[in-house]
Amino acid sequence: MEISEIIKDSYGLNLIPGSLRGILDKDQASKVYFAETDKGKVIIKTSVWHETLGAYEKAYEISEGLRAKGVKLAKAFLNKENKFLTPFDKNNIVVLEYMGGNAFSAGDGELFSAGFALAEFHRAGKEYLKEKESEEENIKKAIPVEKPYEDSGKLYEQIKKDLFAHERCNFPNVCDFLRRNIKELDGAISFIDSSGVNLSSRPSGILHNDFNVDNILFEEGEVSAILDVDQIGVGPFIWDIANSLISFTWDRKAKSFYADTKDKTKHFLEGYHSANG
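In what follows, the accompanying structure is described. Remember, it's a predicted structure, so these values are computed and weren't measured experimentally. (Residues numbered from 1 in each chain as written. Predicted model: local features only at pLDDT ≥ 70, side-chain atom pairs only at ≥ 80, totals over all residues. Heavy atoms only, no water.)

Considering the overall build of the chain
Next up, step 1: In terms of helices and strands, the chain carries 8 helices and 11 strands.
Next up, step 2: Expressed along its principal axes, the backbone C-alpha trace of the chain runs to roughly 60 × 50 × 45 Å.
Next up, step 3: Here the chain holds 277 residues, and 42% of them are scored as buried.
Next up, step 4: Looking at the chain alone, contacts between residues at least 24 apart form 64% of all its contacts between residues at least 6 apart.
Next up, step 5: Surface accessibility of the chain: about 16,400 Å² in total, with carbon and sulfur atoms responsible for 52%.
Next up, step 6: The centroid of the 36 positive side-chain charges in the chain is displaced by 2 Å from the centroid of its 45 negative side-chain charges. (Helix = DSSP H or I, 4+ residues; strand = E, 2+ residues; numbered from the N terminus. Buried < 20%, exposed > 50% of the residue type's maximum accessible area, 1.4 Å probe, protein only. Contact = heavy atoms within 4.5 Å. Areas by Shrake-Rupley, 256 points an atom, 1.4 Å probe, with all protein chains shown as cover. Lys, Arg positive; Asp, Glu negative; His and termini not counted. Charge placed at Lys NZ, Arg CZ, Asp CG, Glu CD.)

Structural data, given as structure tokens:
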């Protein structure tokens, strides 16, 4: 069955002939298409999601809840089975509203707006959880953390033990890097452990978990769309903030942080805190 038939039969959308085109091919298991339909422009994502199908259904359910609260997320279409994902060939399909905008250009206003948008995402998430009893636990069950920090720490210690117990290594470049930088890595982990970043007392709620320059669009210096909710979950807000800042302060062309990273961080955080009054 062709994509156009699936979209029509499952979502009630009629594709405009000749409008379907691939715009992103992440790997053999994931593709993204743009298309025009009788109900507007859409994005069609196909991926092998069989093992985590429930997690993606939950992610789009949450996304729709946050979108209803004003967060600038793309509408996810429900199929005739009242599900977001539809089996297609050996993959699954999700259909999303197309949202336009421009890529991040490192402007101060964009940084402020991005910080504001992330705070609004967090605010809406807190409201969403408050309105739904036991929803946080439901999310944790449906979308488990792939590798909790505590488990990662234990894994790191085991890797160190194995690394220095054997001279041979199947991945010499990786092993050489670890050996050269082990003191810096130990220092970074000690800093994280002592910072209290993972304390349960930290403000927490629904996280985007992939709020980066590739997933945020802008129009006239302000955020126009937040994309890709596939990694959505729950946890301390500082995780989202820190991950976002790494992306928004990294100069891809120079392959280093911007010279004015402190200023860029300030603009982002000012935007974040301004949304919280």
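More follows now that the structure is in view.
Some points on unusual backbone geometry
Next up, step 1: Phi angles above zero are rare outside glycine, and Ala 106 is one such case at about 70°.
Next up, step 2: Topologically, Ala 106 is positioned in the loop between strand S5 (91-97) and helix H3 (108-131).
Next up, step 3: When its relative accessible area of 17% is taken as the criterion, Ala 106 is described as buried.

Some details on the packing of helix H2 (residues 53-67) against helix H4 (residues 135-142)
The angle between the axes and the distance between the axes are what describe a pair of packed helices.
Next up, step 1: Relative orientation of the contacting elements H2 and H4 amounts to 145°, with a least axis distance of 9 Å. When H2 is examined against H4, the residues Gly 54, Ala 55, Lys 58, Glu 61 and Ile 62 are found in contact with a partner set consisting of Glu 135, Asn 138, Ile 139 and Ala 142.
Next up, step 2: Looking at the contact of H2 with H4, its residues break down into 4 nonpolar, 2 polar and 3 charged. (Axes fitted to C-alpha atoms, helices over the stretch in contact; angles between N-to-C directions. Nonpolar A, V, L, I, M, F, W, Y, C, P; charged D, E, K, R; others polar.)

Some remarks on the nonpolar core
Next up, step 1: In terms of nonpolar packing, the biggest core is built from 51 residues, with Leu 66, Ile 206, Phe 211 and Phe 248 touching the most fellow members.
Next up, step 2: Top element by residues in this core is H3. It accounts for 9 residues.
Next up, step 3: Look past the residues within four positions of Phe 248 in its chain and what remains in contact with it is Phe 104, Leu 111, Ala 114, Phe 211, Asn 212, Val 213, Ile 216, Phe 218, Tyr 258, Lys 264 and Phe 268.
Next up, step 4: Formed by 14 residues, the second largest nonpolar core is a distinct cluster that contains Ile 6, Leu 15, Val 42 and Ile 44. (Core = buried A, V, L, I, M, F, W, Y, C linked by side-chain atoms within 4.5 Å.)

Considering the packing of aromatic side chains
Next up, step 1: Enumeration according to the criterion identifies 7 aromatic pairs in this entry.
Next up, step 2: Between the aromatic rings of Phe 104 and Phe 218, the centroid separation amounts to 5.9 Å while the plane-to-plane angle is 40°, which identifies the pairing as tilted. Placement of the pair is Phe 104 in the loop between S5 and H3 and Phe 218 in strand S7 (residues 216-219), with a sequence separation of 114 residues. Phe 218 carries the same exposure label as Phe 104, and that label is buried. (Phe/Tyr/Trp six-rings, centres within 6.5 Å; stacked < 30°, edge-to-face > 60°.)

Some thoughts on the environment of Lys 160
Next up, step 1: Within the secondary structure, Lys 160 is located in helix H5 (residues 149-165).
Next up, step 2: Along the sequence, Lys 160 and Leu 178 sit 18 residues apart, while their C-alpha atoms lie 8.5 Å from each other.
Next up, step 3: Lys 160 has contacts with Ile 182 and Asp 186, leaving out every residue within four places of it along the chain.

Quick look at the packing of helix H7 (residues 237-248) against helix H8 (residues 261-275)
Next up, step 1: Where H7 contacts H8, the axes come no closer than 10 Å and their chain directions differ by 140°. The way H7 lies across H8 gives a crossing that is right-handed. For the pair formed by H7 and H8, the contact residues are Phe 237, Ile 241, Ser 244, Leu 245 and Phe 248 on the first element and Lys 264, Thr 265, Phe 268, Leu 269 and Tyr 272 on the second.
Next up, step 2: Here the residues of the contact of H7 with H8 are counted per class, giving 7 nonpolar, 2 polar and 1 charged. (Left-handed = near helix turned anticlockwise from the far one by under 90°.)

Considering the pairing of S5
Next up, step 1: Within S5, 6 of the 7 residues are buried, which leaves it mostly tucked inside the rest of the structure.
Next up, step 2: Examined bridge by bridge, strand S4 (residues 85-88) and S5 share 4 bridges and lie antiparallel to one another. Note on S5: the bridge partner recorded for Phe 88 is Asn 91.
Next up, step 3: Count of turn residues in the S4/S5 antiparallel hairpin: 2 residues, of which Asp 89 carries a positive phi of about 55°. (Pairing = 2+ DSSP bridges.)

Observations concerning the environment of Glu 97
Next up, step 1: Along the chain, the position of Glu 97 falls in strand S5.
Next up, step 2: According to the relative accessible area criterion, Glu 97 is partly exposed, its value standing at 31%.
Next up, step 3: For the pair Glu 97 and Phe 257, spaced 160 residues apart in sequence, the C-alpha to C-alpha distance is 33 Å.
Next up, step 4: Aside from chain neighbours lying at most four places away, what touches Glu 97 is Lys 41, Val 42, Leu 73, Ala 74, Lys 75 and Phe 77.

Bear in mind that shape data such as this cannot, by itself, settle questions of function.
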